Amino acid sequence: MLGAVILKAPVLSFNDTGLSVSDGVTRNGLWAVDSPGMDWEFSLDQGATWTRGIGSSFEVTGDGAKMIWVRARDDAGNRSEIVRVNCVLDTTAPAALGVADQTEGVTLSLKLSGIEPGARWEYSLDEQHSWAVGQCTALGILGNSLSRIWLRQVDLAGNASGAQAFDLQNPSLMAHEASGNPLQPSILTPGLQTYLIHGEVVRGDADYVRWDIPRGQKVLSIKLVQYESQEAMASYALQRNTVFDAGEDVSRMWVYGHMGARQLGRNVLANIPKSQLGEGAMTLRVQQTGPLPTQYAIEVVLAPAD
């Protein structure tokens, strides 16, 4: 159009939900339009038809890939350049996980199936108030204090499946009390990447658990994920050895410290050099020096070495 004025193009933004905030896969189809002082319009069919915008946002619906065009306009027929964006809208929750239990040595392994491509699985120990992310497709559990665990998957867009409870106190399952002998620790079955060690300790009755980090892997994190006690603190110690023979000699311990409600979720290996996180045996001691029992759960996560 001769003499037409080119208007300033609007700015678009949206809430990219899900496991990545930059992949364009989202469960939220609401787009914000910043077009100060100017009207605007949008098209969902590559410009074949245009819808006049109202306010400062519009919403796309219907799952699938979206090609969105937006431009500023005025009543004189002037238009801005077209802003073109893409996203994938996914509002459908994934199916519940398949869970099969298997006892391997003294470890209960929960084998998970039905995980969507790109999705992750999560578990909850507090009746779904909070969720932790699992690695690989199985969870290894050793101990005798947890009553149940909830499991779900979350897809790329951030949709969560229905959560399902797994009864850890089912009489058909083996609840193993961790060894009280530092020279014969209970051993986690190899081949998994996410483990839960749980139990109850009191003065004079420590727990000893060992796991072996295979070649090509590293221990990514060790975190206290549950703590229930009238005692404010218990303690943990790790030794890079097949047994725990350090006694109270902290110079022979890899890491050690107190654990309690304030330490929930803290990775005790955060300050350990990556070069020390690889292949080898590791033995954990959990103990309570106070007279009151303490229930705990510790998460151990392995991952491929860098």
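If you're wondering where the values come from, they're calculated on a predicted model, not measured in any experiment.

Peer 1: Which residues make up the overall build of the chain, and what values do they have?
Peer 2: Each helix and strand in the chain was counted, giving zero helices and 25 strands. Its C-alpha atoms give the chain a radius of gyration of 27 Å, more than 25% over the compact-globule value 19 Å for 306 residues. Along the three orthogonal principal directions, the C-alpha set of the chain runs to about 90 × 40 × 40 Å. Scored against the burial criterion, the 306 residues of the chain give a buried share of 45%. For the chain, restricting intrachain contacts to residue pairs at least 6 apart in sequence, the fraction spanning at least 24 positions comes to 68%. Accessible area of the chain: about 15,000 Å², with a carbon and sulfur share of 50%. For the chain, the distance from the average site of its 23 positive side-chain charges to the average site of its 33 negative ones is 6 Å.

Peer 1: Mind laying out the sheet that holds strand β20 (residues 207–213), listing which residues take part and the relevant values?
Peer 2: Read from one edge to the other, the open sheet built from five strands follows the order β18-β20-β24-β22-β23, with strand pairing classed as mixed. This sheet does not close on itself; its edge strands, each paired only once, are β18 (186–187) and β23 (255–259). Relative to β20, β18 runs parallel, the two being bridged by two bridges. Paired with I187 across the strands is R210, a residue of β20.

Peer 1: Summarise unusual backbone geometry; cite the residues concerned and give the values.
Peer 2: With a phi angle near 60°, E127 is a residue other than glycine that sits in the positive phi range. Examined against the element boundaries, E127 turns out to sit in the loop between β13 (120–124) and β14 (132–133). Residue Q128 is not a glycine yet carries a positive backbone phi of 75°. Its location among the elements puts Q128 in the loop between β13 and β14.

Peer 1: Give me the lowdown on the environment of Q102, citing residues and values where you can.
Peer 2: In this structure, Q102 sits in strand β11 (residues 98–104). Its relative accessible area of 38% is what places Q102 among the partly exposed residues. For the pair Q102 and S235, spaced 133 residues apart in the sequence, the C-alpha separation amounts to 31 Å. Contacts of Q102, omitting those with residues within four sequence positions, involve T107, L108, S109 and K111.

Peer 1: Let's hear about the packing of aromatic side chains: which residues, and what values?
Peer 2: Applying the stated criterion across every chain, the model contains six aromatic pairs. Ring centres 4.3 Å apart and planes at 10° place the aromatic pair F42 and F58 in the stacked group. Pair noted here: F42 is in strand β5 (residues 39–43) and F58 is in strand β7 (residues 57–59), with a separation of 16 residues, a long-range link. Of the two residues, F42 and F58, neither departs from the other in class, the shared state being buried. When the ring of W121 is compared with that of Y123, the centres are 6.4 Å apart and the planes differ by 40°; the resulting orientation is tilted. Among the residues examined, Y123 registers a relative accessible area of 2% and is labelled buried. Put simply, the rings of W40, F42 and F58 touch in pairs and so form one group of aromatic residues. Geometry around W69 places R84 over its ring, the cationic atom sitting 4.3 Å from the centre. Its guanidinium or amino end placed over the ring of W131, R152 lies 4.0 Å from that ring's centre, counting from NZ or CZ.

Peer 1: Any details on the nonpolar core? Residues and values, ideally.
Peer 2: Residues W211, V219, I222, L238, L269, I298 and V300 are the most contacted members of the largest nonpolar core, which totals 32 residues. Contributions of two or more residues to this core are made by β15 (138–143), β19 (194–201), β20, β21 (217–229), β22 (234–239), β23, β24 (280–287) and β25 (294–304). Dropping the residues within four chain positions of it, V300 is found in contact with Q193, T194, Y195, I197, W211, V219, S221 and I222. If you look at the next biggest cluster of nonpolar residues, it comprises 17 residues, including W121, L146, L173 and L196.

Peer 1: Talk me through the pairing of β25; I want residue IDs and the actual numbers.
Peer 2: In terms of burial, β25 is largely enclosed, as nine of its eleven residues are buried. Relative to β25, β19 is paired through eight bridges, and the arrangement is antiparallel. If you follow G199 over to β25, its bridge partner there is Y296. Inspection of the sheet shows β21 paired to β25 by eleven bridges, in the antiparallel sense. Considered in β25, the bridge of V219 is made with L302.

Peer 1: I'd like a rundown of the layout of surface pockets, residues and numbers included.
Peer 2: What the largest pocket holds in volume is close to 330 Å³. Every residue lining the largest pocket is counted, 20 residues in all, and those nearest its centre are Y123, S130, W131, A132 and V225. Ranked by residue count, the leading element in the lining of the largest pocket is β21, at seven residues. Of the residues assigned to the lining of the largest pocket, the class counts are eleven nonpolar, six polar and three charged.

Conventions we followed
- Residues numbered from 1 in each chain as written.
- Predicted model: local features only at pLDDT ≥ 70, side-chain atom pairs only at ≥ 80, totals over all residues.
- Heavy atoms only, no water.
- Helix = DSSP H or I, 4+ residues; strand = E, 2+ residues; numbered from the N terminus.
- Rg over C-alpha atoms; globule rule 2.2 N^0.38 Å.
- Buried < 20%, exposed > 50% of the residue type's maximum accessible area, 1.4 Å probe, protein only.
- Contact = heavy atoms within 4.5 Å.
- Areas by Shrake-Rupley, 256 points an atom, 1.4 Å probe, with all protein chains shown as cover.
- Lys, Arg positive; Asp, Glu negative; His and termini not counted.
- Charge placed at Lys NZ, Arg CZ, Asp CG, Glu CD.
- Pairing = 2+ DSSP bridges.
- Phe/Tyr/Trp six-rings, centres within 6.5 Å; stacked < 30°, edge-to-face > 60°.
- Lys NZ or Arg CZ within 6 Å of the ring centre and 35° of its normal.
- Core = buried A, V, L, I, M, F, W, Y, C linked by side-chain atoms within 4.5 Å.
- 1 Å grid on protein atoms, 1.4 Å probe; cavity = no way out; pocket = protein on both sides within 12 Å on 5 of 7 lines; lining within 4 Å.
- Points joined across faces, edges and corners; volume = space filled by probe spheres on them.
- Nonpolar A, V, L, I, M, F, W, Y, C, P; charged D, E, K, R; others polar.

Read these as layout, nothing more, since geometry by itself doesn't imply function.
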